[in-house]
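What follows is the residue order along each chain.
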Amino acid sequence: MGNRVLKAITEFFRKRLVAIKRKPHTIPLLVFGIAYVYYSLNLSYIADSTTIVHSKGLGLTEFLSMLFGVLLLVCFMNAFPHRKKVNVPMLVIMFLMVGLVFYCDMYYAGKLNDRFAPGMDFPAAWHAFVDPTLTTLRWHRILLLIGVALTALLPVYTPLLRKINTNVRIEDNGNISSIDLSGEDA
């Protein structure tokens, strides 16, 4: 029983590795997807910080981060069509959208840091919303940079991935001459 489970787990990971070898661009796509989901799951902190700060443009930058986050995923999927060459214009548009999302995060974090600078008078309870927002924005920017790096380095690590041996070892009986090829039924 234990050996069969080990073989099933090994086969599962071998199949995933074969899928990544065929479509290595799924790695940066997953990173961009994780960045979008992370930002979305922490959106309540960001929205609460927007209502607390009352600064011009914060709601818009929050909206643009969500909008361009989805659109960059769509552009990424269109930049790498199945069994075709890379669609360079879509890839450029995707990088521009990543830049816009990164700028929106920087702008939002800058406004929060300006509002909550040391020596400013504000209620201490606001830290329950602002501190998680700044942490979310920091990690979102880090994930975006990792996704950009993985996309830019795709031509470097794709050949390395293809060198990984994912062949299934099939045991033979070693005696090919004993196989009956006459076609007569016994």
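Since the structure is predicted, the reported quantities are computational estimates derived from the model, not experimental observations.

A. Spotlight on the overall build of the protein. Along its length, the protein carries seven helices and zero strands. Within the span of the protein, comprising 186 residues, buried residues form 30% of the whole. A sequence separation of at least 24 residues applies to 78% of the contacts in the protein between residues at least 6 apart. In the structure as shown, the protein presents an accessible area of about 12,500 Å², 66% of it carried by carbon and sulfur atoms.

B. The nonpolar core, seen in detail. The biggest cluster of nonpolar side chains holds 20 residues, and the ones touching the most others in it are F32, L72, F80, M94, V98 and L144. Sorting the residues of this core by element identifies α2 (26-41), α4 (58-79), α5 (88-115), α6 (127-152) and α7 (154-162) as the ones contributing at least two each. With near-sequence residues (within four places) excluded, V98 lies in contact with F32, L72, L144 and V148. Core analysis: the next-biggest nonpolar cluster, separate from the first, contains 13 residues, Y108, A109, V130 and L137 among them.

C. Broad picture of a nonpolar patch on the surface. Taken together, the side chains of V5, I9, F12 and F13 present a nonpolar region at the surface, about 390 Å² in accessible area. With respect to the element layout, I9 can be found in helix α1 (residues 2-22). Take I9: its relative accessible area is 43%, and that puts it in the partly exposed class.

D. Here's a closer look at the pattern of salt bridges. Scanning all chains against the criterion turns up one salt bridge. A salt bridge links E11 to R14; its shortest N-O distance comes to 2.8 Å. With E11 and R14 both in helix α1 and three residues apart, the pair spans about one turn of that helix. Residue classification places R14 among the partly exposed positions, given a relative accessible area of 23%.

E. The arrangement of α5 in detail. The end-to-end C-alpha distance of α5, which contains 28 residues, comes to 41 Å, matching closely the 40 Å that a straight helix rising 1.5 Å per residue would cover. Looking at α5, one finds that the buried residues are M90, L91, M94, M97, V98, V101, C104, D105, Y108, A109 and L112. Next to the buried residues of α5 lie α2, α3 (43-53), α4 and α6.

F. Structural view of empty space enclosed by the protein. On inspection of all chains with the given rule, the structure shows one cavity of 30 Å³ or more. In this structure, the largest cavity spans a volume of roughly 70 Å³. F32, A35, Y36, Y39, S65, M66, G69, L72, L73, V101, H140 and L144 are the residues that line the largest cavity. Of all the secondary structure elements, the ones that give two or more residues to the lining of the largest cavity are α2, α4 and α6. In terms of residue count, α4 provides more of the lining of the largest cavity than any other element does, five residues in total. When grouped by side-chain class, the residues that make up the lining of the largest cavity number nine nonpolar, three polar and no charged.

G. Looking closely at the packing of α5 against α6. Following both chains from N to C, one finds α5 and α6 inclined at 160°, their axes separated by 10 Å at the closest point. Overall, the two elements α5 and α6 adopt an arrangement that is roughly antiparallel. Classified by chirality, the crossing of α6 by α5 is left-handed. Between α5, through L91, M94, F95, V98, V101, F102, D105, M106, Y108, A109, L112 and N113, and α6, the contact on the second element is made entirely by V130, T133, L134, L137, H140, R141, L144, L145, V148 and T151.

H. Broad picture of the layout of surface pockets. By volume, the largest pocket amounts to about 420 Å³. If you trace the largest pocket, you find 19 residues lining it, with R22, P24, H25, F80 and R162 closest to the centre. Secondary structure elements with two or more residues in the lining of the largest pocket: α5, α6 and α7. Residue composition of the lining of the largest pocket, by class: nine nonpolar, four polar and six charged.

Basis of the calculations
- Residues numbered from 1 in each chain as written.
- Predicted model: local features only at pLDDT ≥ 70, side-chain atom pairs only at ≥ 80, totals over all residues.
- Heavy atoms only, no water.
- Helix = DSSP H or I, 4+ residues; strand = E, 2+ residues; numbered from the N terminus.
- Buried < 20%, exposed > 50% of the residue type's maximum accessible area, 1.4 Å probe, protein only.
- Contact = heavy atoms within 4.5 Å.
- Areas by Shrake-Rupley, 256 points an atom, 1.4 Å probe, with all protein chains shown as cover.
- Core = buried A, V, L, I, M, F, W, Y, C linked by side-chain atoms within 4.5 Å.
- Patch = residues over 30% accessible without salt bridge, like charges linked within 9 Å, V, L, I, M, F, W, Y side chains within 5 Å.
- Salt bridge = Lys/Arg side-chain N within 4 Å of Asp/Glu carboxyl O.
- Expected span 1.5 Å × (residues − 1).
- 1 Å grid on protein atoms, 1.4 Å probe; cavity = no way out; pocket = protein on both sides within 12 Å on 5 of 7 lines; lining within 4 Å.
- Points joined across faces, edges and corners; volume = space filled by probe spheres on them.
- Nonpolar A, V, L, I, M, F, W, Y, C, P; charged D, E, K, R; others polar.
- Axes fitted to C-alpha atoms, helices over the stretch in contact; angles between N-to-C directions.
- Parallel < 35°, antiparallel > 145°, perpendicular 65-115°, else oblique.
- Left-handed = near helix turned anticlockwise from the far one by under 90°.

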